[in-house]
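As a plain string of letters, each chain reads:
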Amino acid sequence: MKYQHIVFDIDGTLINTEYAILHSLQDTLEECIHKKVPVKELLFVMGITGEDALRQLKINNIPLSLKRWEENIKKYNSTITIYDGIQELLNCLSECDCKIGIVTSKTKAEFKDDFGRFGLNHYFKTIICADDTTEHKPSPEPLLKYIEISGGCNEEILYIGDSKYDSLCAKSAEVDFALAIWGSHTRELEADYFIETPYDLPGAIK
C-alpha cells in the first residue's frame, strides 16, 4: 500500500454524528440566547472544536454553553452510528500492517463519550484530540502533532476527512488528503482522492 499511516477524522468520517451535534447545538442556543437557529445555518460547526463553534456564534459564556451542549448531545446518542463499511475498512487496513490513527477536533471527553462506546479504539495506534494541541483544524498543528507522536513523515501519511477544515489542515501539514464523500456535504474541496464509500478506499490508494 502507498501509505504507511492512514489517519482518520471522526465526525462525518468514522461515525455519523451530524444529527446529534447539530440538534443538540440548536437546543443549547435556544437555552442560552433564546433563539431557535435553523440547523442548516449551523452546518459550519462540523469539523471544528465546540469552543471554536461557540466563539464563531458569538456566545458570551462559552464554558457554560459547552457544558450545556455536552449534556444536550446525550439526548441524541441513539442517532450516532458507525458508517457502513468502516469496520471492514479498519480490518482491511490492520491486515495490511498500516498504522491507523485519528486526528479529531473532539476533546478527550467527547472522544470517550461519542466514539469510545463503539469498541473501535483498539484499531488506532495514535490518537490526537483537541486537548493535545493549542491550535486546531484548519491549522496544521493537529497533524504535525500526529507526526511528532507517531514518528511518521509527511509523505507516508494519508488523512481522511469530510470537511474544508480537514482539507486545509492536511494541505498546510503537507499531507495527502482523501475526501470522505459518504460524510461530506460537498465535493468542491481540494483533495488527492475522492472516496465514495469506505469500501472504495483500499483500491484507490494501492
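What you see is a predicted model; the values in this text were computed from it and never measured.

Reading the values: rules and limits
- Residue numbering note: each chain is counted from 1, following its sequence as written.
- The model is predicted, so local features are restricted to residues of pLDDT at least 70 and side-chain atom pairs to those at 80 or more, both for listing and for counting; the totals for chains, interfaces and linings are taken over all residues.
- Excluding hydrogens and water, the side-chain values take into account all heavy atoms of the structure.
- Numbered from the N terminus, helices here are DSSP runs of H or I no shorter than four residues, and strands are runs of E no shorter than two.
- A helix's residues, less one, multiplied by 1.5 Å, set its expected span.
- Residues count as neighbours in contact if any of their non-hydrogen atoms are within 4.5 Å of one another.
- Here a polar contact is recorded for every N or O atom pair within 3.5 Å, except that within protein the pair must consist of a potential hydrogen donor and a potential acceptor, and residues adjacent in sequence are included only if both atoms are side-chain atoms.
- For helices, the fitted line uses only the C-alpha atoms of the stretch in contact; every axis is such a line through C-alpha atoms, and the angle between N-to-C directions lies from 0 to 180 degrees.
- When describing relative orientation, an angle under 35 degrees is termed roughly parallel and one over 145 degrees roughly antiparallel, while 65 to 115 degrees is termed roughly perpendicular and anything else oblique.
- The hand of a helix crossing depends on one turn: near helix anticlockwise from the far one by less than a right angle means left-handed, and clockwise means right-handed.
- In this classification, the charged set is Asp, Glu, Lys and Arg, the nonpolar set is Ala, Val, Leu, Ile, Met, Phe, Trp, Tyr, Cys and Pro, and all remaining amino acids, among them Gly, are polar.
- In this description, strands pair whenever DSSP reports at least two bridges between them.
- Each residue is assigned to one of three classes by its accessible area relative to the maximum for its type, calculated with a 1.4 Å probe on protein chains only: buried under 20%, partly exposed between the two thresholds, exposed over 50%.
- Cavities and pockets are found on a 1 Å grid laid over the protein atoms alone: a cavity is a set of points where a 1.4 Å probe fits but cannot escape, a pocket is an open set with protein on both sides within 12 Å along at least five of seven lines, and a lining residue has an atom within 4 Å of such a point.
- Grid points are joined across faces, edges and corners, and a volume is the space filled by probe spheres set on the points.

## Thoughts on helix α3 (residues 62-73)
Taking 1.5 Å per residue, 12 residues should reach 16 Å; α3 reaches 16 Å between its end C-alpha atoms and fits that length. Turning to α3, the residues buried within the fold contact α1 (18-33), α2 (50-56) and α5 (108-115). With a side-chain oxygen lying 3.2 Å from the backbone nitrogen of Leu64, the N-terminal cap of α3 falls on Asn61.

## Quick notes on the packing of α1 against α3
With their axes 8 Å apart at the nearest point, α1 and α3 run at an angle of 130° to one another. With respect to α3, the element α1 is oriented oblique. Where α1 crosses over α3, the handedness of that crossing is right-handed. Across from Ala20, Ile21, Ser24, Leu25, Asp27, Thr28, Glu31 and Cys32 in α1, the residues of α3 making contact are Ser65, Arg68, Trp69, Asn72 and Ile73. Considering only residue class, the contact of α1 with α3 consists of 6 nonpolar, 4 polar and 3 charged.

## A closer look at the sheet that holds strand β8 (residues 193-195)
To summarise the sheet geometry, strands pair through backbone hydrogen bonds and adopt either a parallel or an antiparallel arrangement. Taken together, 6 strands build an open sheet; the order of strands is β5-β4-β1-β6-β7-β8 and the sheet is parallel. With partners counted over all chains shown, the strands left at the sheet margins are β5 (126-128) and β8, one partner each. Pairwise comparison of adjacent strand axes, ignoring direction, gives a mean angle of 20° for this sheet. Pairing geometry for strand β7 (residues 176-180) and β8, over 3 bridges, is parallel. Counterpart to Ala180 in the pairing with β8 is Ile195.

## Structural notes on unusual backbone geometry
With omega at 15°, the peptide bond leading from Lys137 into Pro138 counts as cis. Note that Pro138 resides in the loop between β5 and α6 (141-150). Phi is positive for Asp97, which is not a glycine, with a value near 65°. In this structure, Asp97 sits in the loop between α4 (86-95) and β4 (99-103). According to the relative accessible area criterion, Asp97 is exposed, its value standing at 64%. Its identity is not glycine, yet Glu174 carries a phi of approximately 60°, on the positive side. Along the polypeptide, Glu174 turns up in the loop between α7 (164-172) and β7. Classification of Glu174 as exposed rests on a relative accessible area of 63%.

## Topic: the layout of surface pockets
Approximately 380 Å³ is the volume found for the largest pocket. As for the largest pocket, its lining consists of 22 residues, of which Ile21, Ile73, Lys106, Glu110 and Asp114 are closest to the centre. Residue assignment for the lining of the largest pocket shows that the elements contributing at least two residues are α3 and α5. Looking at side-chain class alone, the lining of the largest pocket contains 8 nonpolar, 5 polar and 9 charged residues.

## Focus on the environment of Gln26
Assignment of secondary structure puts Gln26 in helix α1. Under the relative-accessibility criterion, Gln26 is labelled buried at 10%. A C-alpha to C-alpha distance of 9.9 Å links Gln26 and Glu41, two positions 15 residues apart in sequence. If sequence neighbours within four positions are ignored, Gln26 has contacts with Lys36, Val37, Pro38, Val39 and Leu42. Reaching out from Gln26, the side chain makes a polar contact with the backbone oxygen of Val37 at a distance of 3.0 Å.

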